[in-house]
Amino acid sequence: MTAAEPKSAATGELNSTSRPAALRGLDAIRDDLADLYRDLHAHPELSFEEHRTAAEVARRAASYGYEVTTGVGRTGVVAVLANDGAKPDGGAEPHGDVKRNSGAEPDSRPEPADRTPKPAAGPTVLLRADMDALPVAERTGLPYASRTDGVMHACGHDMHVTCLLGALKLLADARGDWSGRIVAVFQPAEEAGQGAQEMVDDRFYERFGTPDVVLGQHVAPLPAGMIGAHPGAAFAATDALRVRLFGKGGHGSRPETTIDPVVLAASTVMRLQTVVSREIAGGETAVVTVGSVRAGTKHNIIPDEAELQLNIRTYTPEVRTRVLAAVERIIRGEAATAGAEKEPEITEIDTFPVVINDADAVDRTMAAVSAVLGTERVVDPGQVTGSEDVGIFATAAPGQVPLCYWLFGGADADEVIAAQRAGTFERDIPSNHSPSFAPLVEPTLTTGVTALTTAALAWLDGGRPAR
């Protein structure tokens, strides 16, 4: 669908018998959240440029009663609510404080003021959403499509932010039903693979405490209303490489006087295709993609060099080591075969660690979500070859803490079923990073808010179904 906003026949109805009391307020905020989502989608911001988004996040979270700190890890926002389970006073609306970092670059910023986390009578639950967009020109045709040329929320981070804000509002309004401490993390620069580490390096645990669990979610081209969680290695590790191949330039009419880096690049690309097919066992998983090839300026000039950009996905350290070694061997071997007079340069662009979901955390969290959404709407999607840096919040924490990170569907259920039956799912259903990626507003939003709220209550003390 292009001219009109996408719609779905899915209802997103909840199981009323197991519905947490906190979800009673969802109907009242649904329209406001939908408006927020459309606004965020229309105003995407690239990694570490999420200033408008961060300001709106901070404003809303503070209005819900959270203590908010901005500028964490450059453009990140952290919202904290410590709750002893007492019902809030009636009357005045809750309002928290907003505290700001200096905004300086990480290596030069001053030490933040000492903000020892307030004690809470119960567990600390970290809820995470990423905020950044991608350098993609949107082609959805939506009335709320990106207003920024060449930048788009093509990975659904606008939906992640909206769902987390919705969950924070519901949890704040239901403070009498739970005790503990919520640490909501609105992370910058996930797409660059740097945002989580930046926040950790900004003394995250010293300032906001160590969580008992890390929870988060990612919208995906599953049918809207569905949830998918996989225990163990759930999202692949990524190694992104830049490769410079050096030749000897000259006139296009006299290739015999040159060492052609274009031919070298072409032979390297083809040979790299054998890494997975011939060096990785059939029961193991790896992906090697050459996503960019650049060389030359004019048809009759043989250039001096060519550049490749590679993206590698793996799940285990052993396979990662084997793939990286094979990639380097092939690149250097092809250069030697071509007679290159200078060794190739191989540099790292970015890297993501494998995301490992704690099996017990998945069981506990998904049991609660299934009780509300229905067991038929919670599935194991298997391993995902996409990558994420959310796991850093769990693995970098003192003592390491459990992580549960799940997918929630955003695609039209009828279209997904039709495409699967026709064998055209990959062609017909836009995936993340596509210029046509457009999650349904509903029931995606309701499902995401419900899942995140329910998951948080499963770990906080006293979270319980409505009576």
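Now for a description of the structure that goes with this document. (Residues numbered from 1 in each chain as written. Predicted model: local features only at pLDDT ≥ 70, side-chain atom pairs only at ≥ 80, totals over all residues. Heavy atoms only, no water.)

**Thoughts on the pairing of strand 5 (residues 180-187)**
Okay, step 1: With respect to burial, strand 5 is a largely interior element, eight of its eight residues being buried.
Okay, step 2: In strand 5, alternate side chains face the same way, and those of Gly 180, Ile 182, Ala 184 and Phe 186 on one face and Arg 181, Val 183, Val 185 and Gln 187 on the other are all buried.
Okay, step 3: With seven bridges connecting them, strand 2 (residues 76-83) and strand 5 associate as antiparallel partners. Bridging from a neighbouring strand, Val 80 pairs with Val 183 of strand 5. (Buried < 20%, exposed > 50% of the residue type's maximum accessible area, 1.4 Å probe, protein only. Helix = DSSP H or I, 4+ residues; strand = E, 2+ residues; numbered from the N terminus. Pairing = 2+ DSSP bridges.)

**Considerations on the sheet that holds strand 14 (residues 345-352)**
By way of backbone hydrogen bonds, the strands of a sheet pair with one another, either parallel or antiparallel.
Okay, step 1: Ordered in space as 11-13-9-14, the four strands form an open sheet in which the pairing is antiparallel. Bordering the open sheet on either side are strand 11 (286-295) and strand 14, each of which pairs with just one other strand. Across this sheet, the average inter-strand angle for adjacent strands is 20°, counted without regard to direction.
Okay, step 2: Pairing between strand 9 (residues 237-246) and strand 14: seven bridges, direction antiparallel. Counterpart to Thr 238 in the pairing with strand 14 is Phe 352.
Okay, step 3: Across the sheet, helix 6 (residues 261-272) lies against strand 9, strand 11 and strand 13 (305-314), angled at about 15° from strand 13, the strand it touches most.
Okay, step 4: Its contacts with the sheet place helix 8 (residues 317-338) against strand 9, strand 11, strand 13 and strand 14, and it is angled at close to 165° to strand 13. (Axes fitted to C-alpha atoms, helices over the stretch in contact; angles between N-to-C directions. Contact = heavy atoms within 4.5 Å.)

**What to know about the sheet that holds strand 5**
Okay, step 1: The nine strands are arranged 3-1-2-5-4-6-17-7-16 in an open sheet whose pairing can be described as mixed. Looking at which strands have only one partner, the edges of the open sheet turn out to be strand 3 (98-100) and strand 16 (378-379).
Okay, step 2: In this sheet, strand 6 (residues 213-223) lies alongside strand 4 (residues 124-130) in parallel orientation, the contact comprising four bridges. The residue bridging Arg 128 from the neighbouring strand is Gly 216, located in strand 6.
Okay, step 3: Against the sheet, helix 13 (residues 444-459) engages strand 4, strand 6, strand 7 (227-228) and strand 17 (403-411), with an angle of about 155° to strand 6.

**Focus: the pattern of salt bridges**
Okay, step 1: Taken as a whole, this structure holds 23 salt bridges when the rule is applied.
Okay, step 2: With a closest N to O distance of 3.6 Å, Glu 442 and Arg 30 form a salt bridge. In this pair, Glu 442 sits in the loop between helix 12 (425-428) and helix 13 while Arg 30 sits in helix 1 (residues 26-42), placing the two residues 412 residues apart along the sequence.
Okay, step 3: Taking the relative accessible area as the measure of exposure, Glu 442 reaches 25% and is therefore partly exposed.
Okay, step 4: With a relative accessible area of 22%, Arg 30 lands in the partly exposed category.
Okay, step 5: Salt-bridge contacts for Glu 256 lead to Arg 254; the nearest nitrogen and oxygen are separated by 3.6 Å. (Salt bridge = Lys/Arg side-chain N within 4 Å of Asp/Glu carboxyl O.)

**Side note on the nonpolar core**
Okay, step 1: One finds Tyr 66, Leu 127, Leu 168, Phe 186 and Trp 406 to be the most contacted residues of the largest nonpolar core, which totals 70 residues.
Okay, step 2: Looking at this core element by element, the count peaks at ten residues for helix 3 (residues 157-173).
Okay, step 3: Excluding its chain neighbours within four sequence positions, the residues that come into contact with Tyr 66 are Ala 61, Ala 79, Val 80, Leu 81, Gly 96, Asp 97, Leu 168, Leu 171, Ala 172 and Ile 182.
Okay, step 4: Counting residues in each nonpolar core, the second largest holds 26 residues, with Val 80, Phe 235, Val 355 and Leu 403 among its members. (Core = buried A, V, L, I, M, F, W, Y, C linked by side-chain atoms within 4.5 Å.)

**What about the side chain of His 157?**
Okay, step 1: The topology assignment puts His 157 in helix 3.
Okay, step 2: His 157 has contacts with Asp 130, Met 131, Asp 132, Glu 190, Glu 191 and His 218, leaving out every residue within four places of it along the chain.

**Digging into unusual backbone geometry**
Okay, step 1: A cis amide bond links Glu 442 with the next residue in sequence, Pro 443, at an omega value of 10°.
Okay, step 2: Of note in this structure, Phe 48 is not a glycine but carries a positive phi near 65°.
Okay, step 3: Take Phe 48: it is sitting in the loop between helix 1 and helix 2 (51-63).
Okay, step 4: Even without glycine at this site, His 433 takes up a positive phi of about 80°.

**A short note on the packing of helix 9 (residues 359-373) against helix 13**
Okay, step 1: At a minimum axis distance of 9 Å, the contact between helix 9 and helix 13 shows a crossing angle of 125°. As far as their axial angle goes, helix 13 and helix 9 are oblique. The crossing of helix 9 and helix 13 is right-handed. Only Thr 447, Thr 450, Ala 451, Thr 454, Ala 455, Ala 458 and Trp 459 of helix 13 make contact with helix 9, whose side of the interface consists of Ala 361, Arg 364, Thr 365, Ala 368, Val 369, Val 372 and Leu 373.
Okay, step 2: A class-by-class count of the residues in the contact of helix 9 with helix 13 yields nine nonpolar, four polar and one charged. (Parallel < 35°, antiparallel > 145°, perpendicular 65-115°, else oblique. Left-handed = near helix turned anticlockwise from the far one by under 90°. Nonpolar A, V, L, I, M, F, W, Y, C, P; charged D, E, K, R; others polar.)

**Some words on the packing of aromatic side chains**
Okay, step 1: For the structure on display, the rule yields five aromatic pairs.
Okay, step 2: Measuring from ring centre to ring centre gives 5.4 Å for Phe 235 and Tyr 405, while their planes differ by 65°; the resulting arrangement is edge-to-face. With Phe 235 in strand 8 (residues 232-235) and Tyr 405 in strand 17, this pair connects stretches of sequence that are 170 residues apart.
Okay, step 3: Tyr 405 sits in the buried class, given a relative accessible area of 1%.
Okay, step 4: A connected cluster of aromatic rings, assembled from ring pairs, spans Phe 204, Tyr 205, Phe 208 and Phe 393.
Okay, step 5: Positioned over the ring face of Phe 48 is Arg 74, at 3.8 Å from the centre of the ring. (Phe/Tyr/Trp six-rings, centres within 6.5 Å; stacked < 30°, edge-to-face > 60°. Lys NZ or Arg CZ within 6 Å of the ring centre and 35° of its normal.)

Geometric values such as these leave the question of function open.
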